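# Reading the structure
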Amino acid sequence: MKAIAVLTSGGDSPGMNAGIRATVRTALTSGLSVFGIRRGYQGLIEDDMIPLKSTDVSNILQRGGTILHSARSEEFRTSGGRIKAAENLKSRGIEGLVIFGGDGSFRGANDLQLEHSIRVVGAPATIDNDIWGSDFTIGFDTAVNTALEAIDKVRDTAAAHDRLFIVEVMGRYAGFIALEVGIGAGAEEILIPETVTDIPTICRKLTERYKGGRTSSILVVAEGDEAGNAYEIAEKIEKHSGIKSHVTILGHVQRGGNPTAADRMLATKLGYGAVKALLDDAAPCMVGVQNGVINRHPLADAWTRKKDLDKLLVQLGSGLE
Ligand code: ADP
C-alpha cells in the first residue's frame, strides 16, 4: 500500500480533527502518502481531495468541527455513486480509506470495500456514543462536558427562582449523553429511551420533594425519550400535577467546542490504530478503544451489535436522591 485517504462523514463531533491529524502523521511516518477528502462521501464522489503534508494538520488538534468538513451523501448510497468514488481513489493509486463517522458511514464504507476492493477502516466518531466495540466514541466526552457546564448554570437560576427545569440533551436513539450528564449534574430525574418514563411517578416524586422543602429541580431528558421531547414532557407533567416547568434545549451547542483531553487521546489512538489496521491488511474493520487498548472489530459489528448502557450508571441515575 502506497497511498491512503481520510474523510469525516455524517454528524461532526469534537475530536475529529485530532483523529485526522493522527491519521495523517501515522501514515506519513509509515511511508504512505495521504489525501484528505472534503465533505465526506459527497466530496469523494466529486473528487474533492487534496494531498496532505504534516504541516497541513498542524494546530488543528485542539479545534472542534472538522477541517475536512462533513456531509451526508444520498448518491453514495447507490452503486453508481460508489463506482465514481472508487474511480477517483484508484486514479490516484489510493488503496486504503480511513473513515471517521458513525454506523451509517461504516455501512457505506463496507460496500465500497466489497464492491471495489478499496480497503476501509472505520473510526467511531459521534457524540452519541452508541457504537458497539469502543467504550467511547470521539466527541462524546466533550458533548457531556459542554452539557454539564450549561446545566450547572441552569441549576443556579433554577435554585434562585425555585423552579423546575427540563433540559433536553442530544440522543435520538440512545441515552448515553443524558445518563452521564444527568448523573454529573445531579439531576433529580433522567429520562432516556432505554428506560420507561413514568410520568405519574415522576410527578409524585417531585411533589414529595417540594413538600420536603426542595424548591427547585432539574430533569434531564434525551431528545429521543419515548415519552416525548422536553416540551411534551413539560406539558404532561403540568397536566398530571399542575407543576409548571421551564424547558431548555441544549441542541447543537453539544456538537461544538474544543475537544476535551479524553477526546483528544481517543481520537489520536483511533487515527493511529486505523492506519496500522490498513497496513496490517485487517480491513474492512473498525477500530475501537476498550479498557484503554486499541481493538479491531468486523465493520458490521457497528450496526449489528447494540451497545448497552452501563448498568451501574443506570442504577445510579435512577436511585440517588
Ligand atoms: P453516521 O455515519 O453518523 O451514522 P449517516 O447515517 O448520516 O451518519 O451516514 C453518513 C453517510 O454514509 C450517508 O450520507 C451515506 O452517504 C452513507 N451511508 C449511510 N448509510 C448507508 C448505507 N446503508 N449504504 C451506503 N451508504 C450509507
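Definitions and limits used
Counting from 1, residues in each chain are numbered in the order their sequence is written. Selection of residues for local features in this predicted model requires a pLDDT of at least 70, selection of side-chain atom pairs for listing and counting requires 80 or more, and totals for whole chains, interfaces and linings are taken over all residues. Here the side-chain values reflect all heavy atoms present in the structure, with hydrogen atoms and water set aside. In this text, helices come from DSSP runs of H or I with a minimum length of four residues, and strands from runs of E with a minimum of two, each type numbered from the N-terminal end. Put simply, the radius of gyration uses C-alpha atoms, and a globule should come to 2.2 Å times the residue count raised to 0.38. The buried label applies to any residue whose accessible area, calculated with a 1.4 Å probe on protein chains only, is under 20% of its type's maximum; exposed applies above 50%, and partly exposed to all values in between. Contacts between residues were defined by any pair of non-hydrogen atoms, one from each residue, lying within 4.5 Å. When charges are tallied, Lys and Arg are placed among the positive residues and Asp and Glu among the negative ones, while His and the ends of the chain are skipped. Where a charge lies is defined by one atom per residue type: Lys uses NZ, Arg uses CZ, Asp uses CG and Glu uses CD. Here a strand pair is declared whenever DSSP counts at least two bridges between the two strands. Whenever a helix is involved, its axis is fitted only over the stretch in contact; in every case the axis is a line through C-alpha atoms, and angles between N-to-C directions fall within 0 to 180 degrees. Grouping buried Ala, Val, Leu, Ile, Met, Phe, Trp, Tyr and Cys residues that are joined through side-chain atoms within 4.5 Å yields what is termed a nonpolar core. Pairs of N or O atoms are called polar contacts if they sit within 3.5 Å, as long as, within protein, a hydrogen donor faces a hydrogen acceptor (for residues adjacent in sequence, only side-chain-to-side-chain pairs). A carboxyl oxygen of Asp or Glu within 4 Å of a side-chain nitrogen of Lys or Arg is what we treat as a salt bridge. One heavy atom suffices: a residue is near a molecule or strand as soon as one of its heavy atoms comes within 4 Å of it. Accessible surface area values rest on a Shrake-Rupley calculation with a 1.4 Å probe, where residue burial reflects the displayed protein chains alone. We call two directions roughly parallel when the angle between them is under 35 degrees, roughly antiparallel when it is over 145, roughly perpendicular when it lies between 65 and 115, and oblique otherwise. Here a crossing is called left-handed whenever its near helix is offset anticlockwise from the far helix by less than a right angle, and right-handed whenever the offset is clockwise. Residues were grouped as follows: Ala, Val, Leu, Ile, Met, Phe, Trp, Tyr, Cys and Pro as nonpolar; Asp, Glu, Lys and Arg as charged; and all remaining residues, including Gly, as polar. Here the aromatic set is Phe, Tyr and Trp, taking the six-membered ring for Trp, and pairing holds for ring centres within 6.5 Å; pairs whose planes are under 30 degrees apart are stacked, those over 60 apart are edge-to-face, and all others are tilted. In this scheme, the term charge over a ring applies when either NZ of a lysine or CZ of an arginine sits within 6 Å of the ring centre and within 35 degrees of the ring normal.

Of regular secondary structure, the protein chain possesses 11 helices and 11 strands. Taken against the 2.2 N^0.38 rule, which gives 20 Å for 321 residues, the C-alpha radius of gyration of the protein chain at 22 Å falls within 12% of a compact globule. Projected onto the principal axes, the alpha-carbon positions of the protein chain cover approximately 70 × 35 × 30 Å. With 321 residues in all, the protein chain has 52% of them scored as buried. Residue pairs at least 24 apart in sequence account for 75% of intrachain contacts in the protein chain once pairs closer than 6 positions are excluded. Across the protein chain, the centroid of the 36 positively charged side chains sits 4 Å from that of the 40 negatively charged ones.

For the rest of this paragraph, the subject is the sheet that holds strand E5 (residues 119-124). The strands that make up a sheet pair up through hydrogen bonds in the backbone, lying either parallel or antiparallel. Read across the sheet, 7 strands follow the order E3-E2-E1-E4-E5-E10-E11 without closing on themselves; strand pairing throughout is mixed. The open sheet has two free edges, formed respectively by strand E3 (49-51) and strand E11 (293-298), since each of these has just one partner strand. Between one strand and the next, the sheet's axes are offset by a mean angle of 25 degrees, whatever the strand orientation. Bridge count for strand E2 (residues 33-37) against E3 is 3 bridges, and the pairing is antiparallel. Bridge assignment links Gly 36 to a residue of E3, and that residue is Ile 50.

This brings us to the nonpolar core. Counting 30 residues, the largest nonpolar core has Ile 4, Val 6, Phe 100 and Val 121 as its most contacted members. Counting only elements with at least two residues in this core, the list comes to strand E1 (3-8), helix H1 (16-29), strand E4 (94-101), E5, helix H9 (261-279) and strand E10 (285-290). Beyond its immediate chain neighbours, meaning those up to four positions away, Val 121 contacts Leu 97, Val 98, Ile 99, Ala 274, Ala 277, Leu 278, Ala 283, Cys 285 and Val 287. Counting residues in hydrophobic clusters, the runner-up holds 28 residues, among them Ala 174, Phe 176, Ala 178 and Ile 218.

Here we take up the sheet that holds strand E8 (residues 217-222). With respect to topology, 4 strands assemble into an open sheet ordered E7-E8-E6-E9, the strand pairing being parallel. The open sheet has two edge strands, strand E7 (189-191) and strand E9 (246-249), and neither has a second partner. Adjacent strand axes in the sheet meet at a mean angle of 20 degrees, parallel and antiparallel pairs treated alike.

So, about the side chain of Thr 260. Residue placement: Thr 260 occurs in the loop between E9 and H9. Within the local environment of Thr 260, its side chain forms a polar contact with the side chain of Asp 141, the two groups lying 2.6 Å apart. Ignoring anything within four residues of it in the chain, the contact list for Thr 260 reads Asp 141, Thr 142 and Asn 145.

Between side chains of opposite charge, a pair can form as their charged atoms come close. This structure, assessed with the given rule, holds 21 salt bridges. Across the salt bridge formed by Arg 39 and Glu 46, the nearest N and O atoms sit 2.9 Å from each other. Classification of Glu 46 as partly exposed rests on a relative accessible area of 44%. With a shortest N-O distance of 3.7 Å, Asp 111 and Arg 82 are connected by a salt bridge. Taken as a pair, Asp 111 in helix H4 (residues 103-116) and Arg 82 in helix H3 (residues 79-90) lie far apart in primary sequence, 29 residues in all. Taking relative accessible area as the criterion, Asp 111 reaches 28% and is therefore assigned partly exposed. The structure contains a network of salt bridges with shared partners spanning Arg 38, Arg 39, Glu 46 and Asp 48.

Quick look at the site of the ligand now. With respect to spatial proximity, 16 residues lie near the ligand, and among them Arg 72, Ser 73, Gly 102, Gly 104 and Ser 105 are the closest. Interatomic distance of 2.5 Å between a side-chain N/O atom of Arg 72 and an oxygen atom of the ligand. Note that an oxygen atom of the ligand is positioned 2.6 Å from one of the backbone N or O atoms of Ser 73. For the ligand, whose unbound accessible area comes to 550 Å², protein coverage reaches 83%.

The next thing to look at is the packing of helix H7 (residues 199-211) against helix H8 (residues 230-241). Two elements in contact, H7 and H8, have axes whose closest approach is 10 Å; the angle formed by their N-to-C orientations is 65 degrees. Relative to H8, the element H7 is oriented roughly perpendicular. Note that H7 runs across H8; the crossing there is right-handed. Contacts from Ile 199, Pro 200, Ile 202, Cys 203 and Leu 206 in H7 reach Ile 233, Lys 236, Ile 237, His 240 and Ser 241 in H8. Grouping the constituent residues of the contact of H7 with H8 by class yields 7 nonpolar, 2 polar and 1 charged.

Right, let's get into the packing of aromatic side chains. By convention here, two paired aromatic rings are described through the distance between centres and the angle between planes. Scanning the model with the defined rule gives 2 aromatic pairs in all. Summarising the aromatic geometry, the rings of Phe 136 and Phe 140 are spaced 5.9 Å apart at their centres and angled 15 degrees between planes, so their arrangement reads as stacked. Here the guanidinium or amino end of Arg 305 rests over the ring plane of Trp 132, the centre of that ring lying 3.8 Å away. One residue, Lys 307, lies across the ring of Phe 176, its end atom 5.4 Å from the ring centre.

These figures come from the coordinates and say nothing about function on their own.
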